[in-house]
Amino acid sequence: MPVVKAKGEAEALCAQLDAEGHVDACITSDSDAFLFGAKCVIKTFQSNSKEPFECYYMSDIEAGLGLKRKHLIAISLLVGNDYYLNGVQGIGLDTALRIAQTFSEDEILNRLREIGNGDASLLQGEIRSVDDSVPSPDGSSLKRKFSHCSFCGHPGSKRTHFKSSCEYCSSTMGEGCMKKSEGFKCSCSSCDMDRKEKEQKKQDNWRLKVLSKIALEPNFPNDAIIEMYLCNSHGYFTENDGPCISWGSPKTEMVVDFLAYHQLWEPSYIRRRMLPMLSTIFLREMAKDPLKSLLYGQYEFDSIDRLKIRYGHQFYVVKWKKSAPSLGCVSCTVPPEESDVQQDDVMEVDESINPFDESDVPTIDINNGCCFLLTDENMDLVHAAFPEEVDRFLQEKELKELKRRKTEKPETAGSRGVQLNITEFYRSAKVYETEPGEILTKKTEPGEILSSQRAETSKEKRKPSSSNLPKSVRRRLLFD
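Residues numbered from 1 in each chain as written. Predicted model: local features only at pLDDT ≥ 70, side-chain atom pairs only at ≥ 80, totals over all residues. Heavy atoms only, no water.

A.B. asks: Hey, could you run me through the pattern of salt bridges in this one?
C.D. replies: A full pass over the atoms with the stated rule returns 13 salt bridges. Salt-bridge contacts for glutamate 253 lead to arginine 271; the nearest nitrogen and oxygen are separated by 3.2 Å. Highlighted residues: glutamate 253 in helix 10 (residues 252-262) and arginine 271 in helix 11 (residues 267-288), separated in sequence by 18 residues. Among the residues examined, arginine 271 registers a relative accessible area of 32% and is labelled partly exposed. For arginine 404, the salt bridge identified is with glutamate 401, shortest N-O distance 3.7 Å. Placement of the pair is arginine 404 and glutamate 401 together in helix 14 (residues 387-407), with a separation of three residues, close to one helical turn. (Salt bridge = Lys/Arg side-chain N within 4 Å of Asp/Glu carboxyl O. Helix = DSSP H or I, 4+ residues; strand = E, 2+ residues; numbered from the N terminus. Buried < 20%, exposed > 50% of the residue type's maximum accessible area, 1.4 Å probe, protein only.)

A.B. asks: Looking at this structure, I do not really get helix 9 (residues 223-230). What am I missing?
C.D. replies: What helix 9 keeps buried is the set Ile225, Ile226 and Tyr229. Angularly, the buried residues of helix 9 cover 100° about the axis, an arc narrow enough to put them on a single face. Facing away from the buried side of helix 9 by more than 90 degrees, the exposed set consists of Ala224 and Glu227. At its buried positions, helix 9 is contacted by helix 3 (69-79) and helix 5 (108-116). Put simply, asparagine 222 is the residue that caps the front of helix 9, since its side-chain oxygen is 3.0 Å from the backbone nitrogen of alanine 224. (Arc of directions from axis to C-beta. Contact = heavy atoms within 4.5 Å. Polar contact = N/O pair within 3.5 Å; in protein donor to acceptor, adjacent residues only side chain to side chain.)

A.B. asks: How should a positive patch on the surface be read in this particular structure?
C.D. replies: On the surface, Lys471, Arg474, Arg475 and Arg476 cluster together to form a positively charged patch. For arginine 474, the location among the structural elements is in helix 17 (residues 471-479). Overall, the relative accessible area of 32% leaves arginine 474 in the partly exposed class. (Patch = residues over 30% accessible without salt bridge, like charges linked within 9 Å, V, L, I, M, F, W, Y side chains within 5 Å. Areas by Shrake-Rupley, 256 points an atom, 1.4 Å probe, with all protein chains shown as cover. Lys, Arg positive; Asp, Glu negative; His and termini not counted. Charge placed at Lys NZ, Arg CZ, Asp CG, Glu CD.)

By themselves these figures say nothing about function.
See the structure below:
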């Protein structure tokens, strides 16, 4: 495994490799990886759970909060970081976020330098100019105060509104204005302008208060910290050449020999543990270069067995078959109890399993005397590597679903909850004869369709009854 040595912070070099596209993400618990330029940060690993890790993207931070790399550096300077622990006294995360969102990425650090040098008058001048530019309702520089009715709250006097309703009230019965509700706010132009001016003054006072706190902080901001975060050369290689990193296939047999010698592990056990990683690398390479055909130099893609749901995430269960040149070195016995097992198209795994179980280890499937390896693979990777096989699997799955719907039996009257006749539930199990050879009743099963003889009228059904029959039999005949 190659090791790259950093000049200073390890997160800084990881972020540089991520920003330049040499790696997929930085695995670290330090949040300052984004300040060094990282694009993706992974943290908090929890195996065998619905959320196995936390993944954060810089693109999501930019889209959701409007913050870029220099914004995050400014926030860290205000609230504190690993090199400037305390930050600015009296400024928390919410305040720092509002300040950072006020300026663009190109000017945020320069404005902090100006404010830190005691040049806060620039922003105060901007605030005064904003106040001066707010026009009054009548277009003059003097602010006019309009009287409002104490009854309805609209412009005008109460005496005038008592005689006739004002233009703001919607009374059509000539009863005057309507009484204002609790918490009423007038929507006239004068009141709207007054509320805007008050809100503007409130924001300006808050901003001046925050700027005064920043101006009182000595040696703020620290330019050395800013330069360290913005530096893009954290390794022992030239900036023009960059790191000499190239990804290749792992030398698995060297790992097997090393672990078998030092850890005394069985080679078969080591290969089984490594196969899920190797299959993921194989699918990535197949998506880029379809010429690669064998996994681990021995297995070829056979088909997609089924869809598997584990911890709320879907996977394709892929079947791998031994390639023809390597079949001579493989021997496999077929247990009779496993050869006829049929599996569902979608299998949901129980999530209450032991976390120490080998859930990611590939399993062996034996079908018609052939031995296959089954691995759980990412659906997007499988589709990128073998799009035709995925389309074929989805079409077959859809056809099976259509056949299953056609073969389903329609619901009977009994299954729909229709109340049946009492005699259809309690049938006689005895046989009686009124005359030699004539059967009066017979044993039937519940829910059986009645014969044509039972469709006779009630009068005809009462004819066979005789006083010689037991009372229970006559009662059954009568109800029948």
